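# Summary of the model geometry
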Amino acid sequence: MKSSRVFFEYFSPFLKNLKKGIVNIGLLDPKFQFIKQITVSEGSLNASIVHPREIMIPAIKESAAAFELIQNHPSGDPTPSQQDLEITHRLSKTGKIIRVNMVDHIIIGGNSFFSFADEGLL
C-alpha cells in the first residue's frame with residue numbers, strides 16, 4: 001500500500017456510495033505494509049467527528065509505524081472541508097510527536113478522491 005491510488009481502489013467499493021460519513025485508518029508497519037483497517041468514526045450526511053486519540057490509541061496498540069486516514073464524502077465531492085484540513089493538521093502534528101507518522105489523508109467522493117500527500121499538504 002504505497003500510493004494513494006492503491007488505498008483509493010481498496011477502500012472505494014466500501015465507502016463511495018454510503019449516505020453517511022465514515023472515517024477509517026489504515027495502519028502500516030515500518031515498510032508501509034498494511035497491518036489493519038479500523039473504522040474510527042461514523043457520522044452524518046455532512047460531518048464525521050474525529051479526535052487524535054481515536055486514531056493514536058489503536059495505532060499504538062497495533063505497533064503501527066504510520067497510518068493513513070481514509071474517509072468518504074457522501075456528497076460525492078472529495079474536496080476537503082475546513083474541518084478536514086484542521087484534523088489533518090492536528091493528526092500530522094500528533095503523529096510526529098509520538099512517532100507514528102501520518103502518510104496521507106484520502107477523501108473518497110463518488111468515483112474520485114483527494115489525497116493530501118499528492119497535493120503536498122502533508
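Anything mentioned here points back to the structure above.
Here's what I pulled together on the structure shown here.

About the thresholds
- Residues numbered from 1 in each chain as written.
- Predicted model: local features only at pLDDT ≥ 70, side-chain atom pairs only at ≥ 80, totals over all residues.
- Heavy atoms only, no water.
- Helix = DSSP H or I, 4+ residues; strand = E, 2+ residues; numbered from the N terminus.
- Expected span 1.5 Å × (residues − 1).
- Buried < 20%, exposed > 50% of the residue type's maximum accessible area, 1.4 Å probe, protein only.
- Arc of directions from axis to C-beta.
- Contact = heavy atoms within 4.5 Å.
- Core = buried A, V, L, I, M, F, W, Y, C linked by side-chain atoms within 4.5 Å.
- Phe/Tyr/Trp six-rings, centres within 6.5 Å; stacked < 30°, edge-to-face > 60°.

Attention shifts here to helix H3 (residues 82–98). Taking 1.5 Å as the rise per residue, H3 with 17 residues should run 24 Å; its terminal C-alpha atoms sit 25 Å apart, in good agreement. Of all the residues in H3, the buried ones are Asp-84, Ile-87, Thr-88, Leu-91, Ser-92 and Gly-95. Projected down its long axis, H3 shows its buried positions confined to an angular sector of 135°, all on one face. Structural note: H3 exposes Gln-82, His-89, Lys-93, Lys-96 and Ile-97 on the side pointing more than 90 degrees away from its buried face. Buried residues belonging to H3 abut helix H2 (52–61), strand S3 (66–72) and strand S4 (101–109).

Before going further, it helps to spend a moment on the nonpolar core. Core analysis: the largest hydrophobic core is formed by 16 residues, its most contacted members being Ile-25, Leu-27, Val-40, Ile-55, Phe-67, Leu-69 and Leu-91. Only strand S1 (22–28), strand S2 (34–42), H2, S3 and H3 provide two or more residues apiece to this core. Apart from the residues within four sequence positions on either side, Ile-55 is in contact with Ile-25, Val-40, Val-50, Phe-67, Leu-69 and Leu-91. One finds Leu-28, Ile-70, Ile-106 and Ile-108 within the second-largest nonpolar core, a separate group that totals 10 residues.

This next bit is on the packing of aromatic side chains. Under the defined criterion, the tally for this structure stands at 7 aromatic pairs. Aromatic pair Phe-7 and Phe-11: ring centres 6.1 Å apart, planes at 5°, arrangement stacked. On the criterion of helical spacing, the pair formed by Phe-7 and Phe-11 is a turn pair, its members being 4 residues apart in helix H1 (residues 4–15). Assigned by exposure class, Phe-7 and Phe-11 land together as buried. Ring plane angle 70° and centroid distance 6.3 Å describe the contact between Phe-7 and Phe-34, whose orientation is recorded as edge-to-face. Here Phe-7, found in helix H1, pairs with Phe-34, found in strand S2; they are 27 residues apart in sequence, far enough to count as distant. An aromatic cluster is defined as three or more aromatic residues linked by ring pairs; in this entry it consists of Phe-7, Tyr-10, Phe-11, Phe-14 and Phe-34.

With that out of the way, let us pick up H2. Along an α-helix, residues three or four apart share an orientation, since each turn contains 3.6 residues. Inspection of H2 places Pro-52, Ile-55, Met-56, Pro-58 and Ala-59 among the buried residues, and these make up the whole buried set. Structurally, H2 contributes buried residues whose contacts are with S1, S2, S3 and H3. Downstream of H2 by a residue or two, Ser-63 has a phi angle that is positive, lying close to 55°.

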